[in-house]
Amino acid sequence: MAVISVPSRVALVGVGRMGTPLCGRLVSAGHTVTAFDVRPDREEPVRSSGADWAPSAATAAAGADVLVTVVPGPGEAEAALPDAVFSALAPGAVWIDMTSNAPAVAAVLRARAAAHGVDVLEAPLGGSPDDAEHGRLRLFVGGSPDVLDRCRPLLEAVTTSDRISHMGGPGTGYTTKLLINLLWFGQAAATAEALLLGRRAGIDLTVLRDTLAGSAAGSDFIRRDLSALFAGDYLPSYGLDRIHDQLEVITGEARDLGTPHELADTVLHLHRRALERFGPVNGELLAVALLEEIAGTLLRP
């Protein structure tokens, strides 16, 4: 297998909040990028970045050496990748999926790609749109080490080599991303419960936050993300329905693999209640908003 060189012909499917800055970085690295998104309004930012626009995923894939997908979730990935997309790629092409996909759905798509001789690498993203723009994303890679080596030049166009973590074979990258999300949302809920209790017990929230941050209970959530909550920002960068679906996938995987999942079930149940209360709106901390509502107290210093 040849290493993906620069320039390569890249088909990019999905140019939303993460795909758009990735598109710009791939163009800046010297790749020839043709992009597609189901939303026609994404054409202008794609062209502004120096990439071409295609009217369909199959048209974008025609003759491409690499197919990169950055779509919202498993349903969109399955809908975006019929056989026609894989058959349109150049011989020896590779598909890199940066979606927060479900391992079971991805397995079906991986078989579909293999039927057309397309190698596959999963590399779901960790980070924000700002991280994507400035090359600071984390990539949780699952797949063959040989395919990863082949794809490194392209991956290093969007992040640094030390932020590329090879987790193992197919499915491990997706599972890693889902586990990180499970733990982050679980930490958010546990921290909110502790703060609500501390405040009710008469402890100043700022003092409690600073004390927790420097203690054995400290976490990146407390040190980095809690200030947003204190400012009334529930992080409206991702849909509550998407969060619920991802938590459902990872708890389902725990059941299938026979590992304990009592805490995971609790985190899922809390987010299901939040979804029922607020609907499918954006807000990564809306489960915390639900806890505040139940307590009748806002976590504001």
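Everything numeric here is computed off the predicted structure, so don't read it as measured data.

Digging into the overall build of the protein
Okay, so step 1: Helix and strand counts for the protein stand at 14 helices and 9 strands.
Okay, so step 2: When its C-alpha atoms are laid out on the principal axes, the protein stretches across 65 × 45 × 35 Å.
Okay, so step 3: Looking at the protein residue by residue over its 301 residues, the buried ones come to 51%.
Okay, so step 4: Sequence-distant contacts in the protein: of pairs separated by 6 or more residues, those separated by 24 or more amount to 69%.
Okay, so step 5: Accessible surface, the protein: about 13,200 Å² in total, of which carbon and sulfur atoms supply 56%.

Remarks on the packing of helix α10 (residues 205-213) against helix α11 (residues 220-230)
Okay, so step 1: Contact geometry for α10 and α11: axes closest at 10 Å, N-to-C directions at 165°. Considering the angle they form, α10 stands roughly antiparallel to α11. Note that α10 runs across α11; the crossing there is right-handed. Contacts between α10 and α11 pair Leu 205, Arg 209, Leu 212 and Ala 213 from the former with Ile 222, Arg 223, Leu 226, Ser 227 and Phe 230 from the latter.

Remarks on helix α9 (residues 172-200)
Okay, so step 1: The end-to-end C-alpha separation of α9 is 42 Å, in line with the 42 Å expected for 29 residues at 1.5 Å each.
Okay, so step 2: Downstream of α9 by one or two residues, Gly 202 has phi in the positive range, about 100°.

Brief notes about the packing of aromatic side chains
Okay, so step 1: Using the criterion set out here, one finds 4 aromatic pairs in the structure.
Okay, so step 2: An angle of 85° between the planes, with centres 5.0 Å apart, marks the rings of Trp 184 and Phe 185 as edge-to-face.
Okay, so step 3: Here Phe 185 falls in the buried class, since its relative accessible area comes to 5%.
Okay, so step 4: Geometrically, the ring pair formed by Trp 184 and Phe 221 is edge-to-face, given 5.4 Å between the ring centres and 80° between the ring planes. Of this pair, Trp 184 sits in helix α9 while Phe 221 sits in helix α11, and the two are 37 residues apart along the sequence. The two residues Trp 184 and Phe 221 agree in class, both being buried.
Okay, so step 5: Through successive ring pairs, a cluster of aromatic residues spans Trp 184, Phe 185 and Phe 221.

Details of helix α6 (residues 103-114)
Okay, so step 1: The first and last C-alpha atoms of α6 sit 16 Å apart over 12 residues, in line with the 16 Å expected at 1.5 Å per residue.
Okay, so step 2: Residues of α6 that are buried: Pro 103, Val 105, Ala 106, Leu 109 and Ala 113. An end-on view of α6 places all buried positions within 150° of arc, on one side of the element. Exposed and oriented more than 90 degrees from the buried face of α6 are Ala 104 and Ala 114.
Okay, so step 3: Against α4 (74-80), α5 (83-88), β5 (94-97), β6 (119-122), α9 and α12 (240-257) lie the buried residues of α6.

So, the pattern of salt bridges
Two side chains that carry opposite charge are able to pair once their charged atoms sit near each other.
Okay, so step 1: In the structure shown here, the tally under the stated rule is 15 salt bridges.
Okay, so step 2: In this structure, Asp 220 engages Arg 223 in a salt bridge whose closest nitrogen and oxygen atoms are separated by 3.5 Å. Linking Asp 220 with Arg 223, this pair stays in helix α11, spanning 3 residues, or about one helical turn.
Okay, so step 3: Residues joined by salt bridges that share partners form a network here, namely Asp 130, Asp 131 and Arg 136.

Considerations on the side chain of Glu 284
Okay, so step 1: Structurally, Glu 284 is set in the loop between α13 (262-278) and α14 (286-295).
Okay, so step 2: It is Arg 17 that comes nearest to the buried, bridge-free Glu 284 among opposite-charge side chains, at 5.1 Å.
Okay, so step 3: In this view, Glu 284 contacts Trp 184, Phe 185, Tyr 234, Leu 235, Ser 237, Tyr 238 and Ile 243; residues no more than four positions away in its chain are not counted.

Re the nonpolar core
Okay, so step 1: Counting 38 residues, the largest nonpolar core has Leu 195, Phe 221, Leu 226, Leu 229, Leu 285, Val 288 and Leu 299 as the members making the most contacts within it.
Okay, so step 2: Those elements that provide at least two residues to this core are α9, α10, α11, α12, α13 and α14.
Okay, so step 3: Listed in part, the 34 residues of the second largest apolar core include Met 98, Ala 132, Leu 139 and Ala 157.

Observations concerning the pairing of strand β9 (residues 164-168)
Okay, so step 1: Of the strand pairs in this sheet, strand β8 (residues 138-142) and β9 are connected by 4 bridges, and their pairing is parallel. In the strand pairing of β9, Gly 142 is matched with Gly 168.
Okay, so step 2: Taking the sense of rotation as the criterion, the β-α-β connection linking β8, helix α8 (residues 145-155) and β9 turns out right-handed.

Details of the side chain of His 244
Okay, so step 1: With respect to the secondary-structure elements, His 244 resides in helix α12.
Okay, so step 2: On the basis of relative accessible area, His 244 is assigned to the buried category, the value being 7%.
Okay, so step 3: In contact with His 244, other than residues within four places in its own chain, are Leu 268, His 271, Arg 272 and Leu 275.

What about unusual backbone geometry?
Okay, so step 1: At Leu 235, a position not held by glycine, the phi torsion is positive, near 55°.
Okay, so step 2: Following the sequence through the fold, Leu 235 ends up in the loop between α11 and α12.

Thresholds, definitions, all that
Residues numbered from 1 in each chain as written. Predicted model: local features only at pLDDT ≥ 70, side-chain atom pairs only at ≥ 80, totals over all residues. Heavy atoms only, no water. Helix = DSSP H or I, 4+ residues; strand = E, 2+ residues; numbered from the N terminus. Buried < 20%, exposed > 50% of the residue type's maximum accessible area, 1.4 Å probe, protein only. Contact = heavy atoms within 4.5 Å. Areas by Shrake-Rupley, 256 points an atom, 1.4 Å probe, with all protein chains shown as cover. Axes fitted to C-alpha atoms, helices over the stretch in contact; angles between N-to-C directions. Parallel < 35°, antiparallel > 145°, perpendicular 65-115°, else oblique. Left-handed = near helix turned anticlockwise from the far one by under 90°. Expected span 1.5 Å × (residues − 1). Phe/Tyr/Trp six-rings, centres within 6.5 Å; stacked < 30°, edge-to-face > 60°. Arc of directions from axis to C-beta. Salt bridge = Lys/Arg side-chain N within 4 Å of Asp/Glu carboxyl O. Lys, Arg positive; Asp, Glu negative; His and termini not counted. Core = buried A, V, L, I, M, F, W, Y, C linked by side-chain atoms within 4.5 Å. Pairing = 2+ DSSP bridges. Right-handed = clockwise from strand over helix to strand, strands pointing away.

The quantities given are spatial measurements derived from coordinates; they are silent on function.
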